[in-house]
Amino acid sequence: MPNHCPQSIYKKSLTVLSCNLPVKLIGEFNKRFKEKLLHVPKVRNVIGLEDTGKKKILLSEKFGTQKDQLPEDLQKYIAEKEVEVEEHHLELGYENISCQEALEKIIPEGIIIPSGFESVGHIAHLNLNEDQMKYKKEIGKIIMDKTNSIRTVLTKVGYIKNVYRTYDFEVLAGEETFETTQAEDGVKFDVDVSKVYWCSKLAQERTRVIDQFFGKDDVVCDMFCGIGPLSVRAAKAKGVKVLANDLNPECYHYLRRNIVNNKVADLVLPYCMDAREFVKH
Ligand SMILES: C[S@@+](CC[C@H](N)C(=O)[O-])C[C@H]1O[C@@H](n2cnc3c(N)ncnc32)[C@H](O)[C@@H]1O
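Basis of the calculations
Residues numbered from 1 in each chain as written. Predicted model: local features only at pLDDT ≥ 70, side-chain atom pairs only at ≥ 80, totals over all residues. Core = buried A, V, L, I, M, F, W, Y, C linked by C-beta atoms within 7 Å. Buried ≥ 20, exposed ≤ 12 C-beta atoms within 10 Å, placed from the backbone. Helix = DSSP H or I, 4+ residues; strand = E, 2+ residues; numbered from the N terminus. Domains from an automatic or database assignment. Pairing = 2+ DSSP bridges. Axes fitted to C-alpha atoms, helices over the stretch in contact; angles between N-to-C directions. Parallel < 35°, antiparallel > 145°, perpendicular 65-115°, else oblique. Left-handed = near helix turned anticlockwise from the far one by under 90°. Contact = placed C-beta atoms within 7 Å. Nonpolar A, V, L, I, M, F, W, Y, C, P; charged D, E, K, R; others polar.

**Student:** Pulling in residues and values, what's your account of the nonpolar core?
**Tutor:** Grouped together as the largest cluster of nonpolar side chains are 41 residues, with contacts concentrated most on Val191, Ile227, Ala235, Val242, Leu255 and Val268. Top contributing element to this core by residue count: helix H8 (residues 249-261), with five residues. When residues are assigned to domains, this core turns out to be shared by domain 2 (99-177) and domain 3 (206-280), each giving three or more. Membership of the second largest hydrophobic core comes to eleven residues, among which are Leu21, Leu38, Ile57 and Leu58.

What follows is the structure in structure tokens.
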């Protein structure tokens, strides 16, 4: 939970309907009405009722607390099996709300709530605007708390200015570790986002290019290859030979590592040259 946000802002009371069912009916009920049960993070929707041989199943809050507001099929089941239905009260807190709900609690109206982020391995990176930056630490902490795979949250600051196309960023939450591993179409890439260019959003475009343009006997010349996502994937998927080049020595370092790790050293030759010289060479 963000440090200076009082626990109370996330508190919420919720009353839902529950069905008390004999244990032997629980499996069938769960399967049949899965979509109609309560789904709240860290809340069990099936609760044992001691010494009764029954369990309580919590129904979705969208049906309210009136039995006659329940969907017809559920009402029919309840009537047929003479299921006992009652209200169940819950006190919810920070751990029970979604990332979006938590962000809505701390970002005032009028400021756009970040709707998503780009992820590279364990790193989430955002592009917060000036207004959102006032809540940057809280946003970072909430995203980290609410997304299992994320251990570092960054925001880009300023614009890309250098030839290596790396950007300045600020760590909003979590570990200050920028080297990570990102899988793309089953191929794993080691990458340090502080030293090289990487864009996960281009994965589909790379797939399109590889599928549409490359054939087995081709030799591909990837003049600005970065850490090799297109080069290595093309070699793996199509068996093409690739001459892969990038001016950034850090790209070259990760390119060589990714070639070896993905076992395409016989197909991909790495270079670290200015593209003009590379083409002549
Ligand atoms: C937009 S990035 C694209 C990287 C890669 N194609 C990818 O999709 O991840 C452009 C790359 O060109 C490299 N670059 C910039 N100027 C270059 C030059 N004169 N010769 C070779 N590479 C260069 C940068 O280091 C950067 O990695």
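From this point, things continue past the structure.
**Student:** Account for the pairing of strand E6 (residues 123-126), with residues named and values stated.
**Tutor:** Pairing geometry for strand E5 (residues 118-120) and E6, over three bridges, is antiparallel. Within E6, the residue paired with Ser119 across the bridge is Ala124. Hairpin remark: E5 followed by E6, antiparallel, with two residues in the connecting loop; positive phi at Gly121, about 55°. With four bridges connecting them, E6 and strand E7 (residues 152-157) associate as parallel partners.

**Student:** Kindly report on the packing of helix H6 (residues 203-213) against helix H7 (residues 229-238), identifying the contributing residues and their values.
**Tutor:** Contact pair H6 / H7: the axes reach a minimum separation of 10 Å and the direction vectors enclose 45°. Of the possible angle classes, the one that applies to H6 and H7 is oblique. Pair H6 / H7 crosses with right-handed handedness. Along the contact surface, H6 presents Arg206, Val209 and Ile210, while H7 presents Pro229, Leu230, Arg233, Ala234, Ala237 and Lys238. In the contact of H6 with H7, the residues fall into six nonpolar, no polar and three charged.

**Student:** Pulling in residues and values, what's your account of the packing of helix H3 (residues 99-106) against helix H5 (residues 136-146)?
**Tutor:** At a minimum axis separation of 10 Å, H3 and H5 run at an interaxial angle of 160°. Classified by the angle between their axes, H3 and H5 sit roughly antiparallel to one another. The crossing of H3 and H5 is right-handed. Along its contact with H3, which presents Cys99, Ala102, Leu103 and Ile106, the element H5 presents Glu138, Ile139, Ile142, Ile143 and Lys146. Among the residues making up the contact of H3 with H5, the classes are represented as seven nonpolar, no polar and two charged.

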